[in-house]
Amino acid sequence: MKVTAVELHLLAMPLVRPFETSFGRQTARTVLLVRVRTDVGDGWGECVAMADPVYSSEYVAGAEAVLRDYLAPAVLHADEVTAEGFAGLVSFVIGHRMAKAALETALLDAELRTAERSFGDYFGAVRDEVDCGVSVGVAPSIPELLDEVAGYVDEGYRRIKLKIKPGWDIEPVREVRELLGPDALLQVDANTAYDAADIRHLRLLDAYELLLIEQPFVEEDIATHIQLAREIETPVCLDESILGVGVAVDAIERHATSIINIKAGRVGGYLEAVRIHDACAELGVPVWCGGMLETGVGRAANVALAALENFTLPGDTSASRRYFAEDLTEPFELVDGRLRVPTAPGSGVTVREELLRAWAVRAPVILT
Ligand SMILES: CC(=O)N[C@@H](Cc1ccc2ccccc2c1)C(=O)O
Ligand SMILES: [Mg+2]
């Protein structure tokens, strides 16, 4: 297809409640959306980068710049572009996987809408709905944490994930395990907040039958994850470290991790995400779909991805209302702890253009 324009939309959406992690406290989501106009129709992609480079080195203003100055010109100058050829077309740009993922997804959305194929059908979904978990932030107090967790259990979430950090780990886990009972699915996410000196302390988590401990150490530090995996019963899961299928296979083969959190935005797009899924299936390593507080645009694609065979653990594919009072698309509603996989062409959702205008931080950048 021929791309005739690339639009960069910048929105601000308030969160229904503050979301605190080991790297900070968020009260709103700054959203960068990419729309491509092509000779066969439009497509949308959502960039998962945060406003600040605190989860990864990418951030909204940086993603916008690399899309404006490198990635959009590359597709606009090409006579013929395909989603499958996009990674090769922009391989001259090092990194910037979240920015690349947004544009690749927009191209895929345009292609599949025209072909009248859904993301789920294209990715190889084997389910019509996916089991959903929920990510729970660091709370001001234990009672407030327990209230929030009890609310999610009432909503039907099939797995609870607690953000932890030094000083907020063993006690909240113990109290939530007490609240949930011994059989509930419970896991933790440290977002890189610990180091090797904390390994003995982290072993205390073994008392609480957790599904996994997610990314305790910094992205580049595979060695300390290997050391922890040797010394702790709780399975180690990687998130920030997994930038592509190569590092996923390397980390698994070196026994740094035994479960992978797949986020299409973090790895450069849904095509790479499917490659990681397939490689993990080969290696007998279960995967689950991570979340980056996406609007319905990114959420729709994540739910389709989470419907693949080897996504055997509930993901952070929570309902829209977990984060937003109103979503940019039709809302994703939890039914019996599950979300339905969209079946309409492309992502299967429709961006509400009136909200695009209402929530815009500035006029869209239109590149032609
Ligand atoms: C659902 C979940 O825990 N996501 C990330 C962390 C995270 C936390 C806060 C965020 C705020 C704005 C944008 C992305 C964010 C991602 C994770 O798994 O590590
Ligand atoms: Mg994580």
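Look up a bit, the structure's there.
This model, assessed by the stated rule, comprises eight aromatic pairs. Relative to Tyr-323, the ring of Phe-19 has its centre 6.0 Å away and its plane inclined at 65°; by these criteria the two rings are edge-to-face. Within this pair, whereas Phe-19 is found in strand β1 (residues 3-21), its partner Tyr-323 is found in the loop between α12 (296-305) and β12 (338-340), the two being separated by 304 residues in sequence. Ring plane angle 65° and centroid distance 6.3 Å describe the contact between Phe-23 and Tyr-55, whose orientation is recorded as edge-to-face. Here the residue Phe-23 occupies a position in the loop between β1 and β2 (24-38), and Tyr-55 occupies one in the loop between β3 (41-47) and α1 (60-76), the gap between them amounting to 32 residues. Taken together, the aromatic side chains of Phe-119, Tyr-122, Phe-123 and Tyr-270 make up a single cluster linked through ring pairs. Directly above the ring of Trp-288 sits Arg-159, whose terminal nitrogen or CZ lies 5.0 Å from the centroid. In this structure, Arg-322 is placed above the aromatic ring of Phe-19, and the distance from its NZ or CZ to the ring centre is 5.0 Å.

Our next topic: the sheet that holds β2. Judged by pairing direction, the sheet is antiparallel, and its four strands sit side by side in the order β3-β2-β1-β13 without closing on themselves. The sheet terminates laterally at β3 and β13 (365-367), the two strands that pair on one side only. Between one strand and the next, the sheet's axes are offset by a mean angle of 25°, whatever the strand orientation. Pairing between β1 and β13: three bridges, direction antiparallel. Across the sheet, Glu-7 pairs through a bridge with Ile-366, a residue of β13. Where helix α3 (residues 97-115) meets the sheet, its contacts fall on β1, β2 and β3, and the angle it forms with β3 comes to roughly 150°.

Turning our attention to the side chain of Ser-347. You can see Ser-347 is positioned in the loop between β12 and α13 (353-358). We classify Ser-347 as buried; its relative accessible area is 7%. Not counting chain neighbours up to four residues away, the residues in contact with Ser-347 comprise Asp-109, Arg-113, Phe-119, Ala-300 and Pro-342.

Thresholds applied
Residues numbered from 1 in each chain as written. Chains lettered and ligands numbered in written order. Predicted model: local features only at pLDDT ≥ 70, side-chain atom pairs only at ≥ 80, totals over all residues. Heavy atoms only, no water. Phe/Tyr/Trp six-rings, centres within 6.5 Å; stacked < 30°, edge-to-face > 60°. Helix = DSSP H or I, 4+ residues; strand = E, 2+ residues; numbered from the N terminus. Lys NZ or Arg CZ within 6 Å of the ring centre and 35° of its normal. Pairing = 2+ DSSP bridges. Axes fitted to C-alpha atoms, helices over the stretch in contact; angles between N-to-C directions. Contact = heavy atoms within 4.5 Å. Buried < 20%, exposed > 50% of the residue type's maximum accessible area, 1.4 Å probe, protein only.

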